[in-house]
Amino acid sequence: MNDVKKSSLFSWLLFDLANTVYAFVIPGLYFSVWLVSEQGWTDQALGFATSSAMVIVAITGPWVGARSDGSQGKKPLLFITTLACIISTFLLGTFNVNTSVLLFIISLIGFNLGSVVYDALLISVSNENNRGKISGMGVAFGYIGSLTGFGVATYLQNIGYSYIEIFRSVAILFMIFSLPAFIFIDEKKVSTIKSSIKISESLTIVIKSWKHSTKYPGLTRFLVGRFFYADAINTLIGGLLAVYLVEEAGLTPEDSQGILALAIVVSIIGGLVFGVAGDILGPRICTLISLVCWMISLTLAIIATEFDQTWLIYVTGVIGGFNIGGIFAVDRLFMTRLSPEKHLGEFYGLYSTVGRFATIVGPLLWGFIVNTLGLGRNPAMGSLIILLLISFFIIKGVPDHQKKYTRIMNFKIATKKYVFDNVVDFKGRASRWEFWGGSLGFSIGAFFSIVVVSFISENLAYGLLLPIIYLWEIIAGLSAQIRRLHDVGKSGWNYLWVLTGIGIFYIIFLNVQPSQQKENDWGSPPEHTITNNEI
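The structure displayed is predicted, hence computed values, not measured ones.

Student: Explain the nonpolar core here, please?
Tutor: General note: in soluble globular proteins, nonpolar side chains tend to be found buried as a group. Of all hydrophobic cores here, the largest spans 116 residues; its most connected members are Trp12, Tyr22, Phe31 and Phe222. Per element, the largest residue contribution to this core is 19 residues, and it comes from helix 1 (residues 6-38). Other than its neighbours up to four places away in sequence, Trp12 contacts Tyr118, Leu121, Leu122, Val125, Ile134, Ser135, Gly138, Ile185 and Arg332. Counting 10 residues, the second largest nonpolar core, distinct from the first, contains Tyr418, Phe435, Phe442 and Ala446.

Here's what the structure looks like:
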């Protein structure tokens, strides 16, 4: 990072904030609800509109990416696509509904083609050692932007403003936060030759890029695996999740917005945690962990609606939010690790094509199951779980060229130390893996214990077991937190910073730092961190 200007990095991060404002608020929430609930469109019609935009992106994405690899660079193309998205978003709802849908399609095209060149700019603001961390920071910034846009939109709605005024506010926010990227990002050019590829060659470039990807080990397989998990995830965040919460789970628009706001907050933490973990453990294992959590989350959503367990929807929101931030952080790291820098724009174009075809298939599949077959939204949700499972087994076979670590504490040991061995140890040290892995293991075990017991007796589950789990988590979590602070050379009293509110970000920062590789006031470094210097 020594050769990257802070203004360049911050501007890149700020653009992630800007475009995620649009992605979450417009296709992810307000426009889809406006179209289905107020204008009377069906899930299937919304799916067709989204899919038509994705067809265009899928065909032109590799052309945009390959052209950006030329001497003209990526920033001019990023400016054009961003401008198209901002203008069309600003005009949503101004004309009749059909024209608004056309503008929505244009905004989707601009946003997604812009993402092709924006993601490829990651190499301009990072290096091999911190690329996952920077990608994770980008995701965190993005969801801070979502929270900002969501807050503005919710405020405007609560004081009586219309959907049209919300659309315009998002366009203005996108414009303001994206401007620094075009001024301050110091782009790393990968070629001195100007690209003269014509847009008419787009389809040919898709075919050539696909053949070209086979020359790089694991790249083609990763793209195929990404097709399946992007299909599932993009189907939800493309607007159908908001519809599901209102129409299937029976929540009010205000309640669904509250859950989505919770998911945004958690996704910030997920992006940071998975970004750091991706540099340490490699993007493959982090992607597999995220896919498993996604399958659990969607399964819980089905259980919640089938058995009228509304509280499970909130659990789903937390798990899904954490992992949407996580998988997007390691997604970019995976892609840059498998692709050569000189062809990064081209392969990000192919990456976009795969993702967009997935976005085409997902909404169409959802609409077919819900409207054509009339099976309802839970079978449609089940189809997404199947897609995630297929992706898991494909990604499992992708090499990520991660350096091998020895003597790493495994998940089972981390959970055991967190829950049992060190539960009342307030004097020792805890590595990142013990803290984060143990916390995750405890949460998973506690959750499934509650679910299983609640089917036997709700009084037993919520009257006895839940208070015991809460008390145990308070003790285990506090002791692990204090030991984690000790491990980075800080007194446990620093945890009191959380009382200030904003201090929680300082504590998160400390919690993701590596172990001190020397003896400090609280003992020697955890044994498994000495060899690895990172776990």
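Having seen the model, we can carry on.
Student: Would you mind going over a nonpolar patch on the surface with me for this structure?
Tutor: Together, Val424, Phe426, Leu471, Ile474, Ile475, Leu478 and Tyr495 line one region of the surface with nonpolar side chains, adding up to about 630 Å² of accessible area. Along the chain, the position of Leu478 falls in helix 16 (residues 458-487). By relative accessible area, which is 37% here, Leu478 ends up partly exposed.

Student: I would appreciate a short explanation of the packing of helix 1 against helix 4 (residues 97-120) in the present structure.
Tutor: Packed helices, taken two at a time, are described by the angle between their axes plus the distance between the axes. Remark: helix 1 packs on helix 4, axes separated minimally by 11 Å, with the N-to-C direction vectors making an angle of 155 degrees. One element, helix 1, and the other, helix 4, form an angle in the roughly antiparallel class. Crossing of helix 1 against helix 4: the hand is left-handed. Where helix 1 approaches helix 4, its residues Trp12, Leu13, Phe15, Asp16, Asn19, Tyr22, Ala23, Ile26, Pro27, Phe31, Trp34 and Leu35 are matched on the opposing element by Val97, Ser100, Val101, Phe104, Ser107, Leu108, Phe111, Ser115 and Tyr118. Grouping the constituent residues of the contact of helix 1 with helix 4 by class yields 16 nonpolar, four polar and one charged.

Student: Would you take a moment to explain helix 5 (residues 131-158) for this structure?
Tutor: An α-helical turn contains 3.6 residues, so any two residues separated by three or four positions project in the same direction. The end-to-end C-alpha distance of helix 5, which contains 28 residues, comes to 40 Å, matching closely the 40 Å that a straight helix rising 1.5 Å per residue would cover. Downstream of helix 5 by one or two residues, Gly160 has phi in the positive range, about 100 degrees.

Student: How do you make sense of the packing of aromatic side chains when you look at a structure like this?
Tutor: Two aromatic rings, taken as a pair, are described by how far apart their centres are and by the angle between their planes. A full pass over the atoms with the stated rule returns 23 aromatic pairs. A centroid spacing of 6.2 Å and a plane angle of 65 degrees characterise the contact between Phe15 and Phe174, whose relative ring orientation is edge-to-face. Within this pair, whereas Phe15 is found in helix 1, its partner Phe174 is found in helix 6 (residues 163-184), the two being separated by 159 residues in sequence. Accessibility classification places Phe15 together with Phe174 in one group, the buried group. Through a chain of ring-to-ring contacts, three or more aromatic side chains come together here, namely Trp12, Phe15, Tyr22, Phe79, Phe111, Tyr118, Phe174 and Phe182. Its guanidinium or amino end placed over the ring of Phe90, Arg168 lies 5.5 Å from that ring's centre, counting from NZ or CZ.

Student: Before we go on, may I ask you to explain the confidence of the model for the chain in this structure?
Tutor: When pLDDT is low, close inspection of the predicted coordinates is not appropriate. On average, residues of the chain score 81 in pLDDT, and 89% of them are at 70 or above. Contacts of residues 403-408 to residues separated by more than four positions or lying in other chains number 12 contacts, the stretch itself having pLDDT below 50. Low pLDDT, under 50, characterises residues 530-535; the predicted model gives this stretch 23 contacts beyond four residues in sequence or across chains.

Student: Before we go on, may I ask you to explain the environment of Ile504 in this structure?
Tutor: Relative to the elements of secondary structure, Ile504 occurs in helix 17 (residues 503-511). Apart from the residues lying within four places of it in its own chain, the contact partners of Ile504 are Trp497 and Val498.

Student: For this particular structure, what's the right way to read the pattern of salt bridges?
Tutor: Working definition: two side chains of opposite charge can pair if their charged atoms are close together. This model, assessed by the stated rule, comprises seven salt bridges. A salt bridge links Asp487 to Arg429; its shortest N-O distance comes to 2.9 Å. Within this pair, whereas Asp487 is found in helix 16, its partner Arg429 is found in the loop between helix 14 (411-421) and helix 15 (432-456), the two being separated by 58 residues in sequence. Residue Asp487 shares its accessibility class with Arg429, and that shared class is buried. Note that Arg483 is salt-bridged to Glu434, the shortest N-O span being 2.6 Å. Separated by 49 residues along the polypeptide, Arg483 in helix 16 and Glu434 in helix 15 bring together distant segments of the chain. One network of salt bridges, with partners in common, ties together Asp16, Asp119 and Arg332.

Student: How should I be thinking about the environment of Met335 in this particular structure?
Tutor: The topology assignment puts Met335 in helix 11 (residues 310-338). Considering only alpha carbons, one finds Met335 and Phe347, 12 residues apart in sequence, at a separation of 8.4 Å. When residues no more than four places from it in sequence are discounted, the contact partners of Met335 are Leu219, Phe222, Leu223, Phe347, Tyr348 and Tyr351.

Student: Is there a simple way to think about the side chain of Ser339 in this case?
Tutor: With respect to the helices and strands, the residue Ser339 is situated in the loop between helix 11 and helix 12 (344-372). A polar contact is formed between the side chain of Ser339 and the backbone oxygen of Met335, at a distance of 2.9 Å. Once residues lying within four places of it in the same chain are set aside, the contact partners of Ser339 are Leu219, Leu344 and Phe347.

Student: Can you walk me through the packing of helix 10 (residues 283-306) against helix 11 in this structure?
Tutor: Viewed as axis vectors pointing N to C, helix 10 and helix 11 meet at an angle of 155 degrees, and their least axial separation amounts to 8 Å. With respect to each other, helix 10 and helix 11 are oriented roughly antiparallel. As for how helix 10 packs across helix 11, the hand of that crossing is left-handed. In terms of residue class, the contact of helix 10 with helix 11 is built from 20 nonpolar, seven polar and two charged.

Student: Honestly, helix 4 in this entry has me stumped. Any pointers?
Tutor: If you check helix 4, its first and last C-alpha atoms are 35 Å apart, about what 24 residues at 1.5 Å a residue would give, namely 34 Å. Within helix 4, 19 of the 24 residues are buried, leaving the element largely enclosed by the surrounding structure. Among the residues of helix 4, the N-terminal cap falls to Asn96, whose side-chain oxygen and the backbone nitrogen of Asn98 are separated by 3.2 Å.

Rules used throughout
Residues numbered from 1 in each chain as written. Predicted model: local features only at pLDDT ≥ 70, side-chain atom pairs only at ≥ 80, totals over all residues. Heavy atoms only, no water. Core = buried A, V, L, I, M, F, W, Y, C linked by side-chain atoms within 4.5 Å. Buried < 20%, exposed > 50% of the residue type's maximum accessible area, 1.4 Å probe, protein only. Helix = DSSP H or I, 4+ residues; strand = E, 2+ residues; numbered from the N terminus. Contact = heavy atoms within 4.5 Å. Patch = residues over 30% accessible without salt bridge, like charges linked within 9 Å, V, L, I, M, F, W, Y side chains within 5 Å. Areas by Shrake-Rupley, 256 points an atom, 1.4 Å probe, with all protein chains shown as cover. Salt bridge = Lys/Arg side-chain N within 4 Å of Asp/Glu carboxyl O. Axes fitted to C-alpha atoms, helices over the stretch in contact; angles between N-to-C directions. Parallel < 35°, antiparallel > 145°, perpendicular 65-115°, else oblique. Left-handed = near helix turned anticlockwise from the far one by under 90°. Nonpolar A, V, L, I, M, F, W, Y, C, P; charged D, E, K, R; others polar. Expected span 1.5 Å × (residues − 1). Phe/Tyr/Trp six-rings, centres within 6.5 Å; stacked < 30°, edge-to-face > 60°. Lys NZ or Arg CZ within 6 Å of the ring centre and 35° of its normal. pLDDT = per-residue confidence, 0-100. Polar contact = N/O pair within 3.5 Å; in protein donor to acceptor, adjacent residues only side chain to side chain.

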